[in-house]
Amino acid sequence: MSATQMLIAGFGGQGILFTGKFLAYKGLVEGKEVSWLPSYGPEMRGGTASCSVILSDEPVGSPIVSTPDVLVAMNLPSLDKYEDSVAPGGIIIVDSTLIEREVKRDDVTVYYVPATKLASDNEMPTLANMIIAGKLLKATDSFTDEGVDAALKKVISAKRADMLDVNKKAMQIGADC
Amino acid sequence: MADKVLMKGNEAIAEAAIIAGCRHYFGYPITPQTEIAAYMAKRMPKIGGTFLQAESEIAAINMVYGVSSTGKRVMTSSSSPGISLKGEGLSYLAGADLPALVINVQRGGPGLGGIQPSQSDYFQATKGGAHGDFRMIVLAPSSVQEMADMTVKGFDLADKYRMTAMVLADGTMGQMMEPVSLDYEIGAPVEKPWATTGTKMERPHNIVNSLFLVPDELEKSNFERFERYKYIEENECMYEEYMMDDAEICVTAFGIAARVSKNAINAAREMGIKVGLIRPITLWPFPVAPYRKAADKVKEIISVELSMGQMIEDVKLASECKVPVTLCNRVGGMIPSPEQVLDAIKNAANGGAK
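In this text the structure is predicted, and so the values were computed from the model without any measurement.

A. Fine view of the interface of chain A and chain B. In this complex, chain A contributes 17 residues to the contact, which on the side of chain B involves 19 residues. Elements with a minimum of two residues in the side of chain A that touches chain B: α1 (16-29) and β2 (33-38) of chain A. The dominant element in the side of chain A that touches chain B, judged by the number of residues it contributes, is β2(A), at five residues. Taken together, the residues of the side of chain A that touches chain B sort by class into 10 nonpolar, six polar and one charged.

Shown next, in the form of structure tokens:
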């Protein structure tokens, strides 16, 4: 069974759940079985927020990601909490603007993306999450213009259609860095 | 595929209820089901329906009683402690033979408990839920699609049998998003000649009531109700069997536990262990038939639950204790991992229960 298990984690307010929803929709428009499960509860206030996203060729069993193939850590508590859970051979993407330490694991591929700085430099300060999402798709060989466009249209409501281009641009910055 | 949208389980329930013709929702917020109320608050005013946040769960269930008396489709939703508060109303609905849909997105207990997922209201849901002899039809969805499907089905069954149907979900099912398709053909509303809609001076008064002070009349109403329950037990059981054809070990679970179990079963099959799953979809009526069949060919049944072992009692009854029935569980908001279930399966394969 071919499945990709992803864990997206950071502070509440960084767009963690949105990023997960985008990735789930990307899978859906490409014909995959998908699930999205947020952490919910007191930890969402100021602590870590996370969501589990699974893309699979088969119906998704448990929606809980305990051994991610891909971990996105957008703050230090998330990296501390989930680094050891990543599957050997997996991928860790960190926002290196906010996380100063290096990843300790040597059996995973690590991408250090200064996403928060890139977002700020490019006058899109709220889109560090989508810069990371671009990098994630690139790193998993799944960045296609059609897929990204279709998924963005699903997660961004028609009322906010003016945000489509800047989200796409953020993802391109992530993919190219 | 293209017309599927991603929805949270809670949102899927709310939208499915509206599609099923529900125009009256009464509730009181509680994690992890508040999205149902939030969705209703947004949608109901736009379609001429009623969304009302009651002053308490007790008030909400009694508003359900009132609307149901008029023959309209009506629902309320809550999570474990809130369902306990609704208990009195559930019993009154049963005593008055009123249809209603009640959603319980369970969280850990007892008491105020926690806010993470649980299945520890199984006894409460399937054995009545309050005082008096009565049943509720209990539907246990295992995907966001089924959250919607069981909502529509629940309204139909409630109307058909004049009783409460409960969708028994858990925090995971309520919070997770999956693709869902909401294409339903909704039949014509069930005739409700008993409803209190005004006589227009053309018929005798209809009275909706659960008070019977004459014992033999109360006994008769109980007997009649249980005749209906018997018919439901014979005709409305729903379950899924997964890889049970050649199974030597049977896992049984509902809701989120069934999904975790499927992961473990797939892993065990790759190791050559012949294991399958019985997933009850109706928890009452409990589907006895697949367990009877399994009890004659498997060497152990493993009940995977997010409780201290509640469904396991019905599994033992259904399998007539012909084979050992063991429990694999987590509680308090914890969820068994596929690895934990796989270990239980391997243990059974290696000689099994002591």
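B. A look at the sheet that holds strand β7 (residues 164-170) of chain B. Residues and elements named next belong to chain B. If you walk across this open sheet you meet the seven strands as β3-β2-β4-β5-β7-β6-β12, and the pairing is mixed. Strands at the two margins of the open sheet, each flanked by one partner only, are β3 (50-53) and β12 (282-284). Strand-to-strand twist across the sheet, computed as the mean angle between neighbouring axes with direction ignored, equals 20 degrees. Where strand β5 (residues 100-106) lies against β7, seven bridges are found, and the strand directions are parallel. By the bridge assignment, Ala100 is partnered in β7 with Thr164.

C. Region of interest: helix α12 (residues 311-318) of chain B. All names here are of chain B. Those residues of α12 that fall on the buried side of the exposure criterion are Met311, Ile312, Asp314, Val315 and Ala318. Buried residues in α12, looked at end-on, bunch into an arc of 160 degrees, giving them a common side. Looking at the buried residues of α12, the elements they touch are α6 (122-126), β10 (249-252), α11 (288-295), β13 (300-305) and β14 (325-329). Where α12 terminates, the next one or two residues include Glu320, which has phi positive at roughly 50 degrees.

D. Geometry of the nonpolar core. Core analysis: the largest hydrophobic core is formed by 156 residues, its most contacted members being Ile131(A) and Ile345(B). Per-domain counts for this core show at least three residues from each of domain 1 (5-235) and domain 2 (240-349) of chain B. Apart from the residues within four sequence positions on either side, Ile345(B) is in contact with Ile249(B), Val251(B), Ala264(B), Ala268(B), Ile273(B), Val275(B) and Ile302(B).

E. Structural view of the environment of Ala20(B). Residues and elements named next belong to chain B. Position of Ala20 relative to the elements: it lies in the loop between α1 (9-19) and β2 (24-27). With 21 C-beta atoms packed within 10 Å, Ala20 lands in the buried category. On a C-alpha basis, the gap between Ala20 and Met243 in space is 33 Å, while along the polypeptide they are 223 residues apart. Setting aside residues up to four positions removed in sequence, Ala20 forms contacts with Arg73, Thr151, Val152, Phe155 and Ile186.

Each value, and the rule that gives it
Residues numbered from 1 in each chain as written. Chains lettered and ligands numbered in written order. Predicted model: local features only at pLDDT ≥ 70, side-chain atom pairs only at ≥ 80, totals over all residues. Contact = placed C-beta atoms within 7 Å. Helix = DSSP H or I, 4+ residues; strand = E, 2+ residues; numbered from the N terminus. Nonpolar A, V, L, I, M, F, W, Y, C, P; charged D, E, K, R; others polar. Pairing = 2+ DSSP bridges. Axes fitted to C-alpha atoms, helices over the stretch in contact; angles between N-to-C directions. Buried ≥ 20, exposed ≤ 12 C-beta atoms within 10 Å, placed from the backbone. Arc of directions from axis to C-beta. Core = buried A, V, L, I, M, F, W, Y, C linked by C-beta atoms within 7 Å. Domains from an automatic or database assignment.

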